[in-house]
Amino acid sequence: MTKGPGIGPGAGLAAVSTALLAMNRQLEVRDVLKTIVVSARELLNAGYAALGVPDDHGGFAQFVVDGVSEKQWKAIGPLPRQHGILAAMLKDATPQRLADVRTDPRFEGWPDAHPEMSDFLGLPIADGDEVLGALFLANKQCPKPTGGCGFTAEDEELLGILAQHAAIALTNARLYERSRELTIAGERARLAHELHDAVAQKLFSLRLTAQAATALVHRDPDRARSELQQVTALAAEAADELRAAVVELRPAALDEDGLVATLRTQTQVLDRAQSTRVTFSSHGVRALPSAQEEALLRVAQEALHNALRHAGASRVEVTLARHGAGGALLSVRDDGRGFDPSAVRRAGRHLGLVSMRDRAATVGGALTVESAPGKGTLIEMEVPGG
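Conventions we followed
- Residues numbered from 1 in each chain as written.
- Predicted model: local features only at pLDDT ≥ 70, side-chain atom pairs only at ≥ 80, totals over all residues.
- Heavy atoms only, no water.
- Pairing = 2+ DSSP bridges.
- Helix = DSSP H or I, 4+ residues; strand = E, 2+ residues; numbered from the N terminus.
- Axes fitted to C-alpha atoms, helices over the stretch in contact; angles between N-to-C directions.
- Contact = heavy atoms within 4.5 Å.
- Buried < 20%, exposed > 50% of the residue type's maximum accessible area, 1.4 Å probe, protein only.
- Arc of directions from axis to C-beta.
- Salt bridge = Lys/Arg side-chain N within 4 Å of Asp/Glu carboxyl O.
- Parallel < 35°, antiparallel > 145°, perpendicular 65-115°, else oblique.
- Left-handed = near helix turned anticlockwise from the far one by under 90°.
- Nonpolar A, V, L, I, M, F, W, Y, C, P; charged D, E, K, R; others polar.

Visitor: Whenever I open this one, the sheet that holds strand 10 (residues 377–383) confuses me. Can you help?
Guide: Strand pairs in the sheet, formed through backbone hydrogen bonds, run parallel or antiparallel to each other. Spatially, the five strands line up as an open sheet ordered 6-7-8-10-9, and their pairing is mixed. Only two strands of the sheet have a single partner each, and these edge strands are strand 6 (277–283) and strand 9 (366–371). With strand direction ignored, the average angle separating the axes of adjacent strands in the sheet is 10 degrees. In this structure, strand 8 (residues 327–334) lies alongside strand 10, joined through seven bridges in antiparallel fashion. Among the inter-strand pairings, Asp334 is bridged to a residue of strand 10, identified as Thr377. Its contacts with the sheet place helix 11 (residues 353–362) against strand 9 and strand 10, and it is angled at close to 145 degrees to strand 9.

Okay, here's the thing in structure tokens:
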């Protein structure tokens, strides 16, 4: 079995054991992925290592790298697609060991900022027939005389052992997260019940107070005015309780699938359920801090609600694109009836604009609204990189 510089007899097994223990200590999927990548790179003395978890749209839901600086990673651009050698690992579940990846006929190049890679070793991570991801290493760190050294059959065998245990660790992490989601779902149900009771009581009080004010309008105007002030206060309390509950409940899909996949799924559902054509596209967006992803999702949901329920739009386009140094720009554009934003503010009907602006500001972003009667509406929210 090939060992890295300075590794003595028996140390290879100890290194494998250390890597396996490190993987199985993690409970979060993202942490497991990172530990697998770091362990594989260190174990086989590679210059670079990466692990991609495929999505259902020809790309990757998650992609973790080691050996590439943050500056390099940002300069590389969008995540790779499932093509060439990556596709072979994912679709055929076959190991790939190459002396020089650049000379392989399946090689399709890489972005200008991508580090140069030559010798390559890649394996699928599989649970039975399900391919969970593609793990690959590049640039074996060893003296390379004419002909080079590269990765060996023993390296491939060792990485295969690591990949098998990685599949177990990744499956366990996914089960843990799903179990946690079930717990969260139960908690959501409990909160929903409590929220229903609390808001129902507020609404009941609102109705009684409004009825009392109506009865007193002509007989005792001063008292009626007092009752109407109470209606305003009760309505504000009910709105605050609802808003607080919504803010506290982070959508479970974000943790499992990420922002891009969650937005794509939700727009697809709306497109099927509504006569309005709803589309979604994304361009080069990387994972953002959880607070930013949640704020972007909530604003998208609010903007979609407005477009579908109030604008009379025949088409709504949702776009999420990379913006600036690792940030993101969300755009929701509809061809509906539009409105005068200043008139809406004067009338006290905000169409959720205040809430959307608050969400953007909370995560250091900004919201802009462009609309005019008969001209449709464009809502954009930009957030900085994390």
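Visitor: What is the right way to read helix 11 from this model?
Guide: Along helix 11, the positions that sit buried rather than exposed are Leu353, Met356, Arg359 and Ala360. One side of helix 11 carries all its buried residues, which in axial view fall inside an arc of 125 degrees. Those residues of helix 11 that are exposed and aimed more than 90 degrees away from the buried face are Ala361 and Thr362. One or two positions beyond helix 11, positive phi appears at Gly364, with a value near 75 degrees.

Visitor: Could you clarify how one ought to interpret the pattern of salt bridges in this entry?
Guide: A side chain with one charge can pair with a side chain of the opposite charge if their charged atoms come near. Inspection of every chain in the model, using the stated rule, returns 11 salt bridges. A salt bridge links Glu116 to Arg102; the nearest nitrogen and oxygen atoms lie 3.1 Å apart. With a gap of 14 residues between them, Glu116 in the loop between strand 3 (96–98) and strand 4 (120–127) and Arg102 in the loop between strand 3 and strand 4 connect regions that are remote in the sequence. In the salt-bridge network here, residues are joined through shared partners; they are Lys34, Arg41 and Asp66.

Visitor: Which parts of the structure should I look at to understand the packing of helix 8 (residues 259–273) against helix 9 (residues 290–309)?
Guide: Axes are the key here: two packed helices are described by the angle between their axes and the distance separating the axes. Across the interface, helix 8 lies against helix 9 with an axial gap of 10 Å and an inter-helix angle of 15 degrees. Overall, the two elements helix 8 and helix 9 adopt an arrangement that is roughly parallel. Helix 8 and helix 9 meet at a crossing whose hand is right-handed. Contact residues: Leu259, Thr262, Leu263, Gln266, Thr267 and Leu270 in helix 8; Glu293, Leu296, Leu297, Ala300, Gln301, Leu304 and Leu308 in helix 9. Residues that form the contact of helix 8 with helix 9 fall into these classes: eight nonpolar, four polar and one charged.

These figures capture arrangement, not role.
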